[in-house]
Structure formats: structure tokens, C-alpha cells
Amino acid sequence: MDKFVIRGGNPLGGTLRVSGSKNSALPCMAAAILTEEEVVLENIPQVRDIETERKLLTSMGAEVELGYGRAHHRTTISCRVLSDPTAKYEIVKTMRASSLVLGPLVARTGMARVSMPGGCAIGARPIDQHIKGLETMGAQIDYEHGYIEARAERLKGAHILFDKITVTGTEDLLMAAVLAEGETVMENCAREPEVTDLAALLTAMGAKVEGAGTPTIRVRGVDKLHGAKHRINPDRIEAGTFLVAGAITGGDLHVTQCKPAHLAAIIAKLQECGVRIEIAGEDQIRVRSEGQLRAADISTEEYPGFPTDMQAQYMALATQAEGASLVKENIFENRFMHVQELVRMGANIRVDGRTATVRGKTPLSAAAVMCSDLRASASLVLAALVADGESILDRVYNIDRGYERIEEKLRGVGAQIRRMGNVF
Ligand code: EPU
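All of the points below concern the structure found in this document.

About the criteria used
Residues numbered from 1 in each chain as written. Predicted model: local features only at pLDDT ≥ 70, side-chain atom pairs only at ≥ 80, totals over all residues. Heavy atoms only, no water. Helix = DSSP H or I, 4+ residues; strand = E, 2+ residues; numbered from the N terminus. Rg over C-alpha atoms; globule rule 2.2 N^0.38 Å. Buried < 20%, exposed > 50% of the residue type's maximum accessible area, 1.4 Å probe, protein only. Contact = heavy atoms within 4.5 Å. Areas by Shrake-Rupley, 256 points an atom, 1.4 Å probe, with all protein chains shown as cover. Lys, Arg positive; Asp, Glu negative; His and termini not counted. Charge placed at Lys NZ, Arg CZ, Asp CG, Glu CD. Near = heavy atom within 4 Å. Polar contact = N/O pair within 3.5 Å; in protein donor to acceptor, adjacent residues only side chain to side chain. Nonpolar A, V, L, I, M, F, W, Y, C, P; charged D, E, K, R; others polar.

1. Focus on the overall build of the protein
Summing up its helical and strand segments, the protein has 14 helices and 25 strands in all. In terms of overall size, the protein behaves like a compact globule, its C-alpha atoms giving a radius of gyration of 21 Å where 424 residues would be expected to give roughly 22 Å. Taken along the three principal axes of its C-alpha coordinates, the protein extends 60 × 45 × 40 Å. Expressed as a percentage of the 424 residues in the protein, the buried residues total 57%. Within the protein, residue pairs in contact and separated by at least 24 positions form 73% of the contacts whose partners lie at least 6 positions apart. Surface exposure of the protein reaches about 16,600 Å², of which carbon and sulfur atoms provide 46%. Taken together, the 50 basic and 54 acidic charged side chains of the protein have centroids lying 3 Å from each other.

2. What to know about unusual backbone geometry
The residue after Tyr 303, namely Pro 304, is reached through a cis peptide bond having omega 15°. Within the secondary structure layout, Pro 304 lies in the loop between strand S19 (298-299) and helix H10 (311-318). The amide bond that connects Gly 360 to the next residue, Lys 361, takes the cis arrangement and shows omega of 5°. Tracing the sequence through the fold places Lys 361 in the loop between strand S22 (355-360) and strand S23 (368-370). A positive phi is found at Gln 257, a non-glycine position, where the angle reads about 55°. Mapped onto the elements of the fold, Gln 257 is located in the loop between strand S15 (252-256) and helix H9 (264-272).

3. Describing the site of the ligand
Every one of the 22 residues lining the ligand counts as a neighbour, but Asp 128, Thr 166, Thr 168, Asp 309 and Ile 331 are closest to it. The separation between an oxygen atom of the ligand and a polar side-chain atom of Asn 23 is 3.0 Å. The contact in question runs from an oxygen atom of the ligand to an N or O atom on the backbone of Gln 129, over 2.7 Å. Taken together, the elements giving at least two residues each to the shell around the ligand come down to helix H1 (22-31), helix H5 (128-136), helix H6 (167-177) and helix H12 (374-386). The biggest single contributor to the shell around the ligand is H5, with 3 residues. Along the lines of polarity and charge, the residues of the shell around the ligand split into 9 nonpolar, 6 polar and 7 charged.

Take a look at the structure:
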């Protein structure tokens, strides 16, 4: 199992290029199920979850060509043949986002068999909203041997009101609705840029979608969709992680090929902490800090609020800010796995239910730490960049799920970080 060895203390300087968004790419790849024609996706990140989704689609009979080049990452997906509309347990257990194939499979083939995702490191994460929505659209749902089976000769347009805002739930039902008979109105939808990105692809494929990015999405179902080419949005969470890397190390970084508008909540919070941020162009942000950080509270919310996917990284920063920062996690019930590892590095953090109180500024000392989920791992990388000495991060496969060659990118701006494989 690979590890990262990180020696802290270097202020980062230079340019960091942001890759395509994993959480946009995953639903967009699933959307290819909706057509017999080819879907070409550009700017797909080279990360483990994308490889898992490739496996998932090919296990159903699709052809997926992941092309990674220096200049372009281009993926071509053909779902002309879908011989086995099943998302097997072996794949779903490694990536919950596999449940994104549920809606498009029923819509295209009339049938889907998807393993029920079990519990997860960051919370229970049920998919009841996906299932309830499909039932409202006329699907017959059965549960057998740990699998959900959904059947519908043709889904019917419906009025869907989400009880809870869910990103992949919105995406899954949006993909179901585009081929349904008649109009679907979905209310209390997620407004994340990933939903808007998916809607843009679906529109390019011939779908009739209005209101993506707002709480109400209207879809007029069509009989057939065609192939399309689409460029995936930059990853706002990778960009946010890089901004924190610049801020926490007292560095000066240009974060390029990002969309500053998607980062508004993160930028505002970093500015409140005393970090200097300049929007240096349509797709560039400059982040600077002399290391004088002030404490500020965050509360995670659905977009456009402060993202839960940046909570752990922000907490690493808060350990280096003067004063007490309250960090409230509202989206997932168990997303503080990084806390104990940060404490082992010298952070002063107390957790009470869904709120963590971080008291800074504490010097961090290098340690051997364990990466749990993806964002917790990113938080430990950030902490290690300012810790005194050499930290060893175990289980970095968690970081490889969603960050493209993070060690190479960080090394390029002056971090002392290297990957070690199979050190035992
Ligand atoms: N929820 C339900 N019922 C449902 C669906 C969700 O109760 O049917 C609950 C969840 O348990 C959670 C909350 O609603 O408490 C929000 O979950 P949501 O469905 O929005 O999360 P998700 O779609 O499973 C996506 C991202 C996550 C990100 C969340 C929140 C993808 C592939 N994943 O997950 O990304 O944290 O939205 O923004 O888009 C990550 O990249 O590290 C990551 C975990």
C-alpha cells in the first residue's frame, strides 16, 4: 500500500493547475448509459474513482476508452450494448457513487439491478430519495439479496419533492427524467455546479432541461438521446484544497484552470482568516499569506454554502490560525475522522456532536498518520506541509480516489513530498 512521506516547512510558490471535477465526471460518465451513441468527455481527472466507474460501465457491456494525455484527458464511452444492467456489490462497495447508474439504467433499458451501498466512513448515506423518486415515476422496486431491482417499461414524468437536498439523488433522477414520458418537476434540488455540469451534457445530448442550478428543475422527457461531446468543469474542491495549501504554508500560489465563481464561499472564508486572495483572471486565483491567520467559524451547507468536502482541509488551516474556530458539520454525521490524526500531530481540537472547536495556533509535529476518507486525507497532507519534521501518511489510496497525482503537483510548487510503494 502506498504511503506519502512529507517534510513540512516549505512555503509553496508557483502555479498549480486544477484537474477536472471527479464529482462532475462520475454522473457525466453514467449519463452515457442514456444513449446508444458515443459520448466524449474531456477534462476527466485521472483518479481512482474514474477507473472504478470505467469498470462499472464495462461490466455492463459498455466500451470505455480512458485517454490520458499531457494536454487533454479525453474519454469516449459507448453504451450501444448494455448486456447486463447490474451494478455489482464488488464495485458498489468501493464507490457509493455507483448508485448513479440506477436512474439512467431504468430509463434506457427498463431495468436496473444495483447493489445497495452499505454504511460509509463519513455517515450512513442512504439512497432512499433516489428510490422514492423512481417509484414516483412509476418504477417497480424490489429488494433481493442486497440488491435493489428497479423496473419500468417506460418511466413517467412526475412531481418529485426531495425531503432532503441530495447531490447524487438530484443527478440520478434528472438522468431518469430525461427519457421519461411527459414532464417531470423536481423541487428542493441540489444546486451544486456538478448538477449544472451534468445538465449541460444532457442538453447537448438532446434532453430538455430547465432550471439546473436552482432548487426547481423541469424536464420534458424525450424518446431518444444522441451522442455528444462535453468538457467537464474544473474540480472546485481540488482548487479549494490548493488555496488552503498556499495559505497554510505562508506561500504565494497561482491556482489555474479553475472557476472562481464556484469557490465563492471558500474564498470569502479564507479572506476572513486574513488570507490574501486575488481573482487573477477568468480562470485563475492568486493566494498569498504571510502566515498571520485569524480564526473564523464555518458551518457546512449545501451549495452555495461552505462545502462539506472542504471542511477537513479548513480544519487543518484553523489549527494554524490565532484563536478558536468553530467547525460545524451539517451534511454528514461522522465526518470528523481527521480530528484524531490532527490531534496526534499536536492540534488542539475538541469535538462535541457535530461541532469541533479548534484552538490555534498550535505548532504541528510530524507523525505517522492514517488517511481515512478522501477529504480527511487531504487535510492530513495540508497539516504535514507545515509540521515540523517528516510525516508518513498511510493508506493514500484514499487520496488517489479523488486527487490527480497530488504529490507531483505539490512537489512542483516546492513541497517536499514523495510517494513510497510497498515499504514493508
Ligand atoms: N441523504 C439521504 N437520503 C438520500 C440521499 C442522501 O438521507 O437518498 C443524506 C446523506 O446521508 C447526507 C445528505 O443527505 O447526510 C447529503 O448527501 P448527498 O446525497 O448530497 O451526498 P452524495 O450525493 O452521496 C455528493 C458527493 C460527496 C459530497 C456530497 C455533499 C459525489 C459523487 N459525491 O455525495 O463528495 O460530500 O455530495 O456535497 O458527488 C467527496 O468528493 O469526498 C464526497 C464525499
